[in-house]
Amino acid sequence: MEKLVVLTGAGISVESGIKAFRSEDGLWENYRVEDVATHSAWYRNPQLILDFYNTMRTNLQSKQPNRAHISIAERELEYDISVITQNVDNLHERAGSSKVLHLHGELTKACSSRDESDVSTFVEIGYNPIKMGDKANDGSQLRPQIVFFEEAVPNIEPAARLVQNADILMIIGTSMQVYPAAGLIRYAKPNVPIYFIDPQPRVSPQPNLTVIAEPASTGVDKAFEMIEEARMNA
Ligand code: APR
């Protein structure tokens, strides 16, 4: 089976009712990144961060995967698919994708606030809130398992290896502005076809890149049709 690597950003979850960050009315329009998404913000005001992600986690329960998440999951019958997502929601998993690598953490998990990269402190909390006084197994205050700005992205190496070994790369719903995630495109082998799906695509043209300027819910199925067409004509 051909190895298809799918790199997703907040845009794939917009049609599920989850705001993106940098589009109009995006999350960063209403909150300052430095207040709710940086390592130093956690030490400055942990309660604000707990409240911010508790609200996001509660809201996630009522959101559903959309056609884009489902289409990717369904195609596991035809391709060896690995999803690399910048998103912290669980919509890929709930759509049925079996291999999902989260670069920026998972909203339904919590971790140590002493060492947020210590996987042995990760705990599944579902849609439940984290309260001041809740403890990780290392005795520190429990915090959301979200990779904040100023923190390392431990899964970037396995993600780069997945892209290096991909036969096809699909990039959906990301403004390609946050590194190291945005740099993953550079790991694709030179002849690998890349399908870029975004209604307002911001990507520099390159020979093997096909841009589908549509929302994910229609653009992903269109990309799979184009991949099949290319296979038939190969
Ligand atoms: N379908 C596909 N793409 C869409 C849709 C849609 N229906 N609606 C919006 N988009 C696109 C926007 O045009 C934009 O290019 O999704 C992209 C979202 O970009 P961002 O809001 O910057 O989200 P993302 O690229 O995932 O941000 C990366 O930044 O704030 C941090 O950690 C956070 O993981 C996040 C990272």
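Structure: see above.
Presented here is a report on the structure given in the accompanying data block. (Residues numbered from 1 in each chain as written. Predicted model: local features only at pLDDT ≥ 70, side-chain atom pairs only at ≥ 80, totals over all residues. Heavy atoms only, no water.)

**Notes on the overall build of the protein chain**
Check the secondary structure of the protein chain and you find nine helices and nine strands. Radius of gyration (C-alpha) of the protein chain: 18 Å, near the 17 Å computed for a compact globule of 234 residues. The principal-axis extents of the C-alpha atoms in the protein chain amount to approximately 60 × 35 × 30 Å. Within the protein chain, counting contacts between residues at least 6 apart in sequence, those at least 24 apart form 62% of the total. Here the protein chain has roughly 11,000 Å² of accessible surface; of this, 53% comes from carbon and sulfur atoms. (Helix = DSSP H or I, 4+ residues; strand = E, 2+ residues; numbered from the N terminus. Rg over C-alpha atoms; globule rule 2.2 N^0.38 Å. Contact = heavy atoms within 4.5 Å. Areas by Shrake-Rupley, 256 points an atom, 1.4 Å probe, with all protein chains shown as cover.)

**Some points on helix H8 (residues 156-164)**
Note that an α-helix has 3.6 residues per turn; residues three or four places apart therefore point the same way. What H8 keeps buried is the set Ile156, Ala159, Ala160 and Val163. Down the axis, H8 shows its buried residues gathered within 100° of arc, on one side only. Here the buried face of H8 lies against strand E1 (3-8), strand E2 (80-85), strand E3 (100-102) and strand E7 (168-172). (Buried < 20%, exposed > 50% of the residue type's maximum accessible area, 1.4 Å probe, protein only. Arc of directions from axis to C-beta.)

**A closer look at the environment of Val6**
For Val6, the position within the fold is in strand E1. Given a relative accessible area of 0%, Val6 falls into the buried group. If sequence neighbours within four positions are ignored, Val6 has contacts with Ile72, Ile81, Ser82, Val83, Ile84, Met170 and Ile172.

**Here we look at the environment of Lys99**
Here Lys99 is to be found in the loop between helix H7 (91-95) and E3. Taking C-alpha positions, Lys99 is 36 Å from Arg44, a pair spaced 55 residues apart along the chain. If sequence neighbours within four positions are ignored, Lys99 has contacts with Glu76, Asp80, Ile81, Ser82 and Val83. Here Asp80 takes part through its side chain, which lies 2.6 Å from a polar atom of the side chain of Lys99. (Polar contact = N/O pair within 3.5 Å; in protein donor to acceptor, adjacent residues only side chain to side chain.)

**Thoughts on the site of the ligand**
Taken together, 22 residues are adjacent to the ligand, and Phe21, Arg22, Thr174, Ser175 and Asp198 come closest. Take Gln86: an N or O atom from its main chain is 3.1 Å from an oxygen atom of the ligand. Thr174 has a polar side-chain atom sitting 2.8 Å from an oxygen atom of the ligand. Within the complex, the protein chains bury 94% of what would otherwise be the 730 Å² of accessible surface of the ligand. Looking at the shell around the ligand residue by residue, the class counts come to ten nonpolar, eight polar and four charged. (Near = heavy atom within 4 Å. Nonpolar A, V, L, I, M, F, W, Y, C, P; charged D, E, K, R; others polar.)

**A closer look at the layout of surface pockets**
Its volume calculated, the second largest pocket comes out at about 290 Å³. Forming the walls of the second largest pocket are 20 residues, and the residues nearest its centre are His102, Phe122, Gln145, Pro154 and Asn155. Tallying contributions element by element places strand E4 (residues 105-112) first for the lining of the second largest pocket, with four residues. Here the lining of the second largest pocket spans two domains, and each of domain 1 (1-18 + 65-104 + 154-234) and domain 2 (19-62 + 105-146) adds at least three residues to it. (1 Å grid on protein atoms, 1.4 Å probe; cavity = no way out; pocket = protein on both sides within 12 Å on 5 of 7 lines; lining within 4 Å. Points joined across faces, edges and corners; volume = space filled by probe spheres on them. Domains from an automatic or database assignment.)

**Focus on the pairing of E1**
Across the six residues that make up E1, a large majority, five, are buried. With six bridges joining them, E1 and E2 adopt parallel strand pairing. In the strand pairing of E2, Thr8 is matched with Thr85. Where E1 and E7 come together, five bridges link them in parallel fashion. Within E7, the position partnered with Leu7 by the bridge is Ile171. (Pairing = 2+ DSSP bridges.)

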